[in-house]
Amino acid sequence: MALLNNSFGSEAKPVVNPEATFTLPPLPYAYSALEPFIDKQTMEIHHTKHHQAYIDKLNKALAELKAGDFTLESICKNVSDYPVAVRNNGGGHYNHSMFWQIMKPNSGSVLSPSSANEPGGKIGEAITATFGPFSNFKTQFSEKALSIFGSGWTWLVLNKENKLVIGSTPNQDNPLMNVAEFKGKPILGLDVWEHAYYLKYQNKRAEYVNSWWNVVNWDEVSRRFEGK
Ligand code: MN3
């Protein structure tokens, strides 16, 4: 549990755990790599401006606290112990760090993607067993993303019964947070903030979501599902 730092004099400085200083993880591909599904300019602004801003504000908020267990997962799991700036920006950092990883290039075009990009292996089997054919899963997940009012994220998680479930969180909350109504271990997450798609898709969130399926990195989703 993190406590507010009480400053008793001008000499007092916050005790900051080195793990409380977060840095922007590099994208695992070029900014243009997800074209034409997600455009270069959106990726560049999203990564270097939006994600960086969450990190800067998270570091600033943590610097005002006494040292604690400032690993990102621990912050999310105990987020009710922290100021709201840590909830918003810690969530922002966790969510975006995951988002870059669960996407990868697809060399096809919008009209003709290079593959159907459907999951295989254990995650593919688990999705089919839970939701029926992959197209059913895609429809349910997409509908959930389209139903978010305002900004938020749609997730595929493993819940505490180890079952795959689709759900959403508002703002930069995520299913790890103890304050979230929808909880679980994130396997896949989709950013439906307008900053994730507005330059290319304007108000057409459905077109963004539809395009996004082409760049989902099922190898990474599978790794998360299998807990490796
Ligand atoms: Mn975003």
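What counts, and where the lines are drawn
- Residues numbered from 1 in each chain as written.
- Predicted model: local features only at pLDDT ≥ 70, side-chain atom pairs only at ≥ 80, totals over all residues.
- Heavy atoms only, no water.
- Donors = N, O, S within 2.8 Å, 3.2 Å for Na, K, Ca; no water.
- Helix = DSSP H or I, 4+ residues; strand = E, 2+ residues; numbered from the N terminus.
- Buried < 20%, exposed > 50% of the residue type's maximum accessible area, 1.4 Å probe, protein only.
- pLDDT = per-residue confidence, 0-100.
- Contact = heavy atoms within 4.5 Å.
- Core = buried A, V, L, I, M, F, W, Y, C linked by side-chain atoms within 4.5 Å.
- Expected span 1.5 Å × (residues − 1).
- Polar contact = N/O pair within 3.5 Å; in protein donor to acceptor, adjacent residues only side chain to side chain.

A. Summary view of the coordination of the manganese ion. Around the manganese ion, the protein contributes the donor atoms H46 (NE2), H96 (NE2), D191 (OD) and H195 (NE2), which lie 2.0 to 2.1 Å from the metal centre. Donor residues for the manganese ion, ordered by position in the chain, follow H-x49-H-x94-D-x3-H. Taken as a pair, H46 in helix α1 (residues 40–63) and D191 in strand β3 (residues 185–191) lie far apart in primary sequence, 145 residues in all. Comparing H46 with D191 shows no difference in burial state: the two are buried.

B. Geometry of the confidence of the model for the protein. In the predicted model, the protein carries a mean pLDDT of 91, and the fraction of residues at 70 or more is 92%. The low-confidence segment residues 1–14 (pLDDT under 50) makes 17 contacts with residues lying over four places distant or belonging to another chain.

C. Expanded view of the nonpolar core. Counting residues in hydrophobic clusters, the biggest one holds 44 residues, and the most contacted among them are M103, F137, L188 and W212. Counting only elements with at least two residues in this core, the list comes to α3 (84–101), α4 (121–131), α5 (134–146), β1 (152–158), β2 (164–170), β3, α7 (205–212) and α8 (218–225). Per-element accounting of this core gives the leading share, five residues, to β1. Counting 18 residues, the second-largest nonpolar core is a separate cluster that includes F22, L58, L72 and Y94.

D. Structural context of α5. Counted at 1.5 Å a residue, the expected span for α5 with its 13 residues is 18 Å, and the 18 Å between its end C-alpha atoms agrees. Buried-residue contacts for α5 involve α4, β1, β2, β3, α7 and α8.

E. Representation of the environment of S80 within the structure. Topologically, S80 is positioned in the loop between α2 (72–77) and α3. Here the alpha-carbon distance between S80 and N117, two residues 37 residues apart in the chain, equals 38 Å. Beyond its immediate sequence surroundings of up to four residues, S80 is in contact with N178 and V179. Engagement of the side chain of S80 in a polar contact is seen with the side chain of N178, the distance being 2.9 Å.

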